[in-house]
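Spelled out, the chains give:
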Amino acid sequence: MEDVVRLRDVTCLAGNNALLSNVEWTVKKGEHWVVFGLNGSGKTTLLSIIAGFRGYTEGTVEVFGEPYSEANIIEKRKKVGWISSSFFDKYYQRESVMNIVLSGVNGKLGKLWNVSSADIKRANRLLVELGLESKMHRTFDLLSKGERQNVLIARALISNPQMLILDEPGTGLDVFAREYMLATVKALAENPDMTIIYVTHYTEEILHLFDKCLLLKNGKVYAQGYSADLFTNEKMSEFLNYPVKVVQAEEHFYVDIHMESNIKEIL
């Protein structure tokens, strides 16, 4: 299988702080990876680089066989469906739902794009399917967390991407919105040519369809390989620096953590 993502010795600095250090990772066409780690482990930084929306300090990043450049970045972005509330919430507030979705046609953030009637029809169909038929012309800031997430899913899908990157898509969603989001991911994964990278720190979102796993810790790759090999009591306890029990439910993994609080001794 061909490489869709190839990272070699990638480091990303913010001042003197290393957000990522010496990351080595290869994702092949049709694979479904989960990237798992605690807050601050570098997950969003890593995915922003792969999606072509953030630079890096050292190393090489190849997406679909070659590095990003001024000449190819827009075309490459159209092949990557990038879904990240933590990223797009910084850019979108008063933009209309329809305009945000259509901005995905050319892989740009703003309104400097040309769209066809076919693009508009496709945007309509996606928004109807995602339950946003009555909110197509509302502004992004007036939507709920789940509705915003669905707008970003529509934006990601409108260009028929070859790879989907989902950055903690379940964060802030209610139980119904999260189940619908997971059902959407399952449906998209049925395409044998689709590559999916799914980032989360909620183990109950790690479906068995994500058979590959990258563990990130403090900006470094802690381990990578088959999910079934990494989600064990021993490896997860070492990774989290806390004794845990891993349960493989019918459709997903679950990490059982028992903690005690001494807060009542203070009150």
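Up top is the structure these notes are about.
Now for a description of the structure that goes with this document. (Residues numbered from 1 in each chain as written. Predicted model: local features only at pLDDT ≥ 70, side-chain atom pairs only at ≥ 80, totals over all residues. Heavy atoms only, no water.)

To continue, consider the packing of aromatic side chains. Under the definition given, this model contains 12 aromatic pairs. Here the aromatic rings of Phe53 and Phe88 are separated by 6.2 Å at their centres, their planes lie at 70°, and the arrangement is edge-to-face. Linking Phe53 in the loop between helix 1 (43–50) and strand 4 (58–63) with Phe88 in helix 3 (residues 85–88), this pair joins segments that are 35 residues apart in sequence. An identical accessibility class is assigned to Phe53 and Phe88; each is buried. (Phe/Tyr/Trp six-rings, centres within 6.5 Å; stacked < 30°, edge-to-face > 60°. Helix = DSSP H or I, 4+ residues; strand = E, 2+ residues; numbered from the N terminus. Buried < 20%, exposed > 50% of the residue type's maximum accessible area, 1.4 Å probe, protein only.)

Viewed as axis vectors pointing N to C, helix 6 (residues 145–157) and helix 7 (residues 175–189) meet at an angle of 15°, and their least axial separation amounts to 10 Å. One way to sum up the angle between helix 6 and helix 7 is to call them roughly parallel. Our pair here, helix 6 against helix 7, has a crossing hand that is left-handed. Where helix 6 approaches helix 7, its residues Gly146, Asn150, Ile153 and Leu157 are matched on the opposing element by Ala177, Tyr180, Met181, Thr184 and Leu188. Its residues placed into classes, the contact of helix 6 with helix 7 shows six nonpolar, three polar and no charged. (Axes fitted to C-alpha atoms, helices over the stretch in contact; angles between N-to-C directions. Parallel < 35°, antiparallel > 145°, perpendicular 65-115°, else oblique. Left-handed = near helix turned anticlockwise from the far one by under 90°. Contact = heavy atoms within 4.5 Å. Nonpolar A, V, L, I, M, F, W, Y, C, P; charged D, E, K, R; others polar.)

What follows is about the sheet that holds strand 3 (residues 32–36). On the basis of which strands lie adjacent, the open sheet formed by six strands has the order 6-7-8-3-9-10 and mixed pairing. Single-partner strands in this sheet number two, and they are strand 6 (80–84) and strand 10 (220–226). Sheet twist, expressed as the average angle between the axes of neighbouring strands with direction ignored, equals 15°. Bridge count between strand 9 (residues 212–217) and strand 10: six bridges; the pairing is antiparallel. (Pairing = 2+ DSSP bridges.)

Our focus in this paragraph is helix 9 (residues 233–240). Listed as buried for helix 9 are Met236, Ser237, Phe239 and Leu240. Taken down its axis, helix 9 places every buried residue within 165° of arc, on the same side. With its phi angle positive at about 55°, Asn241 sits one or two positions after the end of helix 9. (Arc of directions from axis to C-beta.)

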